[in-house]
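# Fold and geometry: a report
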Amino acid sequence: LDQGTFKAAADALNGEIAANPSKDPRHSMEYRQNLAQSFLYKAFLAAQAKVPDEFRSALVDFIPMHYRPVSSGAESWGTDPKEGPVSQYIPKLASRIQASGEASYPSDGAPGALFAQVVFATAANAKLLAVDPTEALKLPGVRDFVAASDVPAVNNLGTVLGGDNLKEKLFFEAGDTIPAVGVLLGVVVADTWAQARAGAKKVQQSYAKSHVVSNMDAARRLGHTSKPEDLAAPITTPPGRRQPRADVTRGVAVEHAAPRADAALSAKSTLKTGAQQHFYMETQSCMARKVDGNIWELVVSDQDCNFTQGVLSGILGVPAHNIRISVPRAGGGFGGKLTRQTPVAAACAVAANKTGRAVQIQNERSDDLQMVRGREFMDFEYNATFDAQGKVDTMDMTIHFDPGYFYGDAAGDLSMAVSWSDGSYHYNSFKVNQEVHVTNTQHTTSQRAPGNLQSLVAADAIMEHVSRTVGRPLEEVMQLNFYKEGDKTPFGDTIGKDGFNWTVPQLFKQLQESTKYQDRKKAVQEYNAKNRWTKKGIAISTVKYPMGTTFYQSGALICVYGDGSVLVSSGGCELGQGLATKVALVVADTLKCDLKKITVGDRDTAKVPNNTCTGGSGTSECSSEAAILAANKVVEALKPYRDGKTWEETCAAAVAGGAQLMQTAFWQNGGTSNTDVYATYGACTSEVMVDVLTGEVRVDRVDILMDLGTQLDAAVDIGQLQGGFVMAMGYLLTEQVMYDDQGTQLNLGTWEYKIPSAYDIPVEFNVSLLKDSPNPVGVKGSKASAEPAMGLVSAVYLSIKDALYAARQQTGAGAAWFPLNLPVTTEAIRGAVGTLDKALVIPGQ
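Residues numbered from 1 in each chain as written. Predicted model: local features only at pLDDT ≥ 70, side-chain atom pairs only at ≥ 80, totals over all residues. Heavy atoms only, no water.

### Section: the overall build of the protein chain
When its secondary structure is counted, the protein chain shows 21 helices and 25 strands. Expected size for 845 residues packed as a compact globule is a radius of gyration near 28 Å; at 28 Å, the protein chain falls within 12% of this value. Counting only C-alpha atoms, the protein chain reaches 95 × 70 × 55 Å along its principal axes. For the protein chain, buried positions account for 60% of its 845 residues. Working note: accessible area of the protein chain is about 30700 Å², and carbon and sulfur atoms make up 51% of it. Counting 79 positive and 90 negative side-chain charges, the protein chain places the averaged centre of each group 1 Å from the other. (Helix = DSSP H or I, 4+ residues; strand = E, 2+ residues; numbered from the N terminus. Rg over C-alpha atoms; globule rule 2.2 N^0.38 Å. Buried < 20%, exposed > 50% of the residue type's maximum accessible area, 1.4 Å probe, protein only. Areas by Shrake-Rupley, 256 points an atom, 1.4 Å probe, with all protein chains shown as cover. Lys, Arg positive; Asp, Glu negative; His and termini not counted. Charge placed at Lys NZ, Arg CZ, Asp CG, Glu CD.)

### Here we look at the pattern of salt bridges
For the coordinates displayed, the defined rule picks out 44 salt bridges. The closest approach of N and O atoms between Glu364 and Arg197, which form a salt bridge, is 3.5 Å. In this pair, Glu364 is assigned in the loop between β13 (359–362) and α9 (365–371) and Arg197 in helix α5 (residues 193–202), connecting sequence segments 167 residues apart. One salt bridge connects Asp703 with Arg701, and the closest N-O pair in it is separated by 2.7 Å. (Salt bridge = Lys/Arg side-chain N within 4 Å of Asp/Glu carboxyl O.)

### Some points on the sheet that holds strand β3 (residues 126–132)
Strand pairing in a sheet relies on backbone hydrogen bonds, with the paired strands running either antiparallel or parallel. Sheet architecture is open: 3 strands sit in the order β5-β3-β7, paired in antiparallel fashion. Strands with a single pairing partner mark the edges of an open sheet, and in this sheet they are β5 (177–178) and β7 (204–209). Of the strand pairs in this sheet, β3 and β7 are connected by 6 bridges, and their pairing is antiparallel. Counted as the bridge partner of Asp132 is Gln204 from β7. (Pairing = 2+ DSSP bridges.)

### Considerations on the packing of aromatic side chains
The final tally for this structure, using the stated rule, is 17 aromatic pairs. Centroid distance Phe6 to Phe44: 5.4 Å. Interplanar angle 70°. Geometry classified as edge-to-face. One end of the pair, Phe6, is in helix α1 (residues 3–19); the other, Phe44, is in helix α2 (residues 29–46), with 38 residues separating them in the sequence. Each ring, one from Tyr41 and one from Trp533, has its centre 5.5 Å from the other, and the planes form 70°; the classification is edge-to-face. Of this pair, Tyr41 sits in helix α2 while Trp533 sits in the loop between α14 (517–530) and β17 (534–547); the two residues are 492 residues apart in sequence, bridging distant segments of the chain. A residue is classified by how much of its surface remains accessible, and Trp533, at 1% relative accessible area, is buried. Members of the aromatic cluster, joined through ring pairs, are Phe6, Tyr41, Phe44 and Trp533. Directly above the aromatic system of Tyr731 lies the positively charged group of Arg375, at a separation of 5.3 Å from the ring centroid. (Phe/Tyr/Trp six-rings, centres within 6.5 Å; stacked < 30°, edge-to-face > 60°. Lys NZ or Arg CZ within 6 Å of the ring centre and 35° of its normal.)

### Details of the state of the cysteines
For the structure shown, the criterion picks out 0 disulfides. Of the cysteine sulfurs around Cys305, a residue in no disulfide, the closest is that of Cys573, at 3.8 Å. Cys651 supplies the cysteine sulfur nearest to Cys593, a cysteine that is in no disulfide, at a spacing of 7.6 Å. (Disulfide = S-S within 2.5 Å.)

### Considerations on the nonpolar core
Trp533, Ile704, Phe725, Val796 and Tyr797 are the most contacted members of the largest nonpolar core, which totals 125 residues. Apart from the residues within four sequence positions on either side, Ile704 is in contact with Ala683, Cys684, Leu721, Phe725, Phe765, Asn766, Val767, Ser768 and Leu792. If you look at the next biggest cluster of nonpolar residues, it comprises 46 residues, including Val187, Ile315, Val344 and Ala349. (Core = buried A, V, L, I, M, F, W, Y, C linked by side-chain atoms within 4.5 Å. Contact = heavy atoms within 4.5 Å.)

### A look at the side chain of His437
When you line up the elements, His437 lands in the loop between β16 (429–436) and α11 (452–470). His437 sits in the buried class, given a relative accessible area of 0%. A polar contact is formed between the side chain of His437 and the backbone oxygen of His224, at a distance of 3.5 Å. (Polar contact = N/O pair within 3.5 Å; in protein donor to acceptor, adjacent residues only side chain to side chain.)

### Some points on the environment of Val299
In this fold, Val299 is placed in strand β11 (residues 295–300). Looking at Val299, the relative accessible area reads 22%, which means it is partly exposed. Taking C-alpha positions, Val299 is 9.7 Å from Asp108, a pair spaced 191 residues apart along the chain. The contact partners of Val299, leaving out residues within four places of it in the chain, are Pro106, Ser285, Cys286, Met287, Ser326 and Pro328.

### Describing the packing of α11 against helix α20 (residues 794–811)
Two elements in contact, α11 and α20, have axes separated by 9 Å at closest approach and are oriented at 30°. Accordingly, the angle class assigned to the pair α11 and α20 is roughly parallel. Pair α11 / α20 crosses with right-handed handedness. Residue-level inspection shows Val457, Asp460, Ala461, Glu464 and Arg468 of α11 in contact with α20, the latter providing Ser794, Tyr797, Leu798, Lys801 and Tyr805. Classifying every residue of the contact of α11 with α20 by side-chain character gives 5 nonpolar, 1 polar and 4 charged. (Axes fitted to C-alpha atoms, helices over the stretch in contact; angles between N-to-C directions. Parallel < 35°, antiparallel > 145°, perpendicular 65-115°, else oblique. Left-handed = near helix turned anticlockwise from the far one by under 90°. Nonpolar A, V, L, I, M, F, W, Y, C, P; charged D, E, K, R; others polar.)

### Things to note about α14
With 14 residues, α14 extends 20 Å from end C-alpha to end C-alpha; this agrees with the ideal 20 Å at 1.5 Å per step. Inspection of α14 places Tyr517, Arg520, Lys521, Val524 and Asn528 among the buried residues, and these make up the whole buried set. Each buried residue of α14 sits inside an arc of 105° when the element is viewed along its axis, so together they form one side. The exposed set on the far side of α14, more than 90 degrees from its buried face, consists of Lys522, Glu526, Ala529 and Lys530. Residues of α14 that are buried in the fold lie against α12 (474–481), α13 (504–514), β17, β23 (678–691), β24 (697–707) and α20. (Expected span 1.5 Å × (residues − 1). Arc of directions from axis to C-beta.)

### Structural notes on the sheet that holds β17
Taken together, the 5 strands give an open sheet; going across it, the order is β1-β25-β24-β23-β17, and neighbouring strands pair in mixed fashion. A single partner strand is all that each edge strand has here, and the edge strands are β1 (75–76) and β17. Where β23 and β24 come together, 10 bridges link them in antiparallel fashion. Bridge assignment links Cys684 to a residue of β24, and that residue is Ile704. Along the sheet face, α13 touches β17, β23 and β24 and points at about 35° away from the line of β23. Packing against the sheet, α14 makes contact with β17, β23 and β24, and its axis sits at approximately 145° to β17.

Shape is all these values report; function is a separate question.
The structure is reproduced here in C-alpha cells:
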C-alpha cells in the first residue's frame, strides 16, 4: 500500500464517482470526490506499519459521539439581594410539566374536533389551471375540501399590513399565477390527522409553467432589483417587527469626519450569508370553533394574537370582539409565528365555518418547512478603508436581500440588518445601501435576531479582512476600532449616554484574562505546527445589540383571590422563553408574597387586547413592567388591610371589605435621547478543531461573558443566551437551505435539514454574567438576553478561519486573506483548504 497504489486507487475512485454522478444536488461532484479520496487516504495511513507523529491526527476520530466528551461548563452570575426573588437563579416555573409531557399546547387540539391538513402549491411562477379534490374525497374519513370559494369575506392575508403584503392570498385559486411553492390552495378535512394528510396529498394540481427565478443570484442577473423605497406602500408600524426610530428605509449615510489621507488601504469583497429555516418544536398549529352564533374561539401557536385577530376579522367578516385568540403556550416561535401563523389559523377557521365543527390543524414537519421560510439570504458587498495599523476610516456597503415573492413585512428584517451593521466599531464615514431581489420562493419572515445576525457576523468578518491585510492580530484590530464613550453611531445612539453604558472594552479585556486567551492562542499555534491533518483555531468577538423597546406596548391584568392566590394575565405569549416566570417573579416581588401564590394564565385577547407581538427578546421585560404597574395598584388596594397580617389574612380581609383586587395596567416605554433605549453587550471566545481531510469541525470550547444588567432571572436568562448561541451555531455550521431550479426547497425534514444536536454543543461551554452593572434605564436594571448572544457566533466563524489559515499554509494556499461564506458547512471548509492532491503523501515513500 505505497504511494503508487494510493494514486492508482484514488484515480479509479474519482473515475467511478464521475461515471456515476449522484442526482442529489445538495453536494458538488468535487466535494464527493475529495471526501472519498480523503477517506481512502485515511485507510492507507491506517494500514502503514509506522505513521509519523504529525500524520497521526488523521487517524484520530474526534467528531463521533463515542469519541467526543459529554459537554460540560460553568455558569457564573451575580444577584441583587434587595430584589429577591428577582435576579435569583430560579428555573422556569413550567419546566417540570414540560419535561413530563403534562403541559398543554395548541397542537393538543380539542375533543371531538375534525382534523385538517393543508394543500399547498407544488409549482412556482406558474398559472394554476385546476385544483381537483375528487380522489381525495374518495378516501376513508375525508369529509371535505375547503378552498377560496369557501372564504366568508376577504380572501387575503395582507389586509392588516397593506401595501406589498396584499400579494398574499389565503387560498390561491384556478386562474391565478402561483408565486411560489408552498402557498396555500386549500385544506382537506377528515376524521383523523392521518386521513387528512393522505387526502391532502391526493388533491390534483395542474399548471401552465413559466421560467422560475429560484435564487438571488439569478434575480440579480435578470435585473429583478428594487430599492426598498420603490416597493409598494411601506407599512408604518408592522406588527411582529421591531424597527428602530431612525428611518433606514433608504439606507444610511453618515459622515463624522472627512476621509483620512493616511487611510489608503482597502478591504473589498462580498460575504454571502445563507438562509435558515424555522424548526420550532411545535409546527404551525391551531384549533378553531364557532360558538354562540358568530363568535369565534381559537387556540393558536402564536406570537402576535392581536395581529392574528385582525387578519381573521377580515377573512371571516366579523368584528375583532367576536374573535377570541388564546395561547396556553407555544412550542417555540423564534419569529416564525409573528405572521406565518395566520395562513394556518385562517384556513382552520374557514374550515370550521364551512363544516360547522371544531377543526384543528398541525402541520407535518416537511410541509411546515415548505410553507414557512425563515431567515433571508443576504449578501454583504463592502469596501472598507483603513490605515497601516488597521484603524478603519470609511465603510461603503450594499446589502442584497431576498424576501421571497414579495417584500412586505420583511422590511423590518432588512432595516435591522442595516441598523446593526456597524457592530462594535466606529467609522468616520459609514454608508449602507439596500437592494431587494424578489424571487419565486415562499415569503420570508423574522427569525431570531432577524437580519442582524448576518450583519453582526459581517461586521466582524470585515475586521478580520482588515487584520489580515495589515498583518496584525485580529483582537488588536478589533480593540483599535471599538467605539469610545461620546462617539455617536450612524443610527443616532451616543455611546455612554442613557442606556448605552459602554461595557464592551471591559468585557473584551476581562474575558481574555479569565480564559487565558493569549496562552491558549500560543498552544493552538504549537498544536498546528505538530499536526498536519487536524488544525485548531481560536478567536474572540463582541456584540453591541441595541434594543429599541419603544416599539413595545404591553398590558397586564392581575386578579387576587380571597385565599391569597393570584392570577396574572399578560399581554405576552409564553413561547418557552420564560416570560411567564419573569412576570411571576416581579409580581411576587411587588406584592411581597410567596412566588408559589402566583399563576400566570394563558395569553388571551379577551383579557389583554392591543398588545404588540412577542418577539425580539424585549417582550418579557415589557410584560414584566406592565405587571409591576398593575401589582402596585393591588398594593395600594391592600394597604388598609395589612396591619401585620399574613398575606392570606390580608387578602381575605380585603375581599370582605370590598377592595378592588382586580387591577390592570398598560405600559409603553417613552424612550431616551438615543434612537434606541439601551444596548446589551457581550464578548465570546471560541476554540475549534477542524479535520483538514473531511471538513468536519468540533467546537471544543466557548466562553461567553455577557452584560445583561441585573438579570430578571439568572436561570432563565443564562438558558436563553445559551440556547440563542447554539441556534446561531446551527445557522453558521449545519443548517443549509437550498432550492432546485423549479423553486422547490431541497432541505425538508430532519434527514436533509440539520439543526444542532446534543453533540454540536461546545464540548466546554462556559457562561458568565457581568456583575454589578445594572441597566440604568431597564426594568429593574435588566437587559434582553436571547438574541444579543447570537451575534457572538462570529467567534466560531473566526476561529474556523484561524484553523483554515494554518491548513492552507501547509497545503501551499498561503496565509493571505480568503473569503468564507455562510453557512460554513463541511463542504465549505473542505473547499477552503484547497487542493490536497500533492499533500496526500504516504509517509516513508
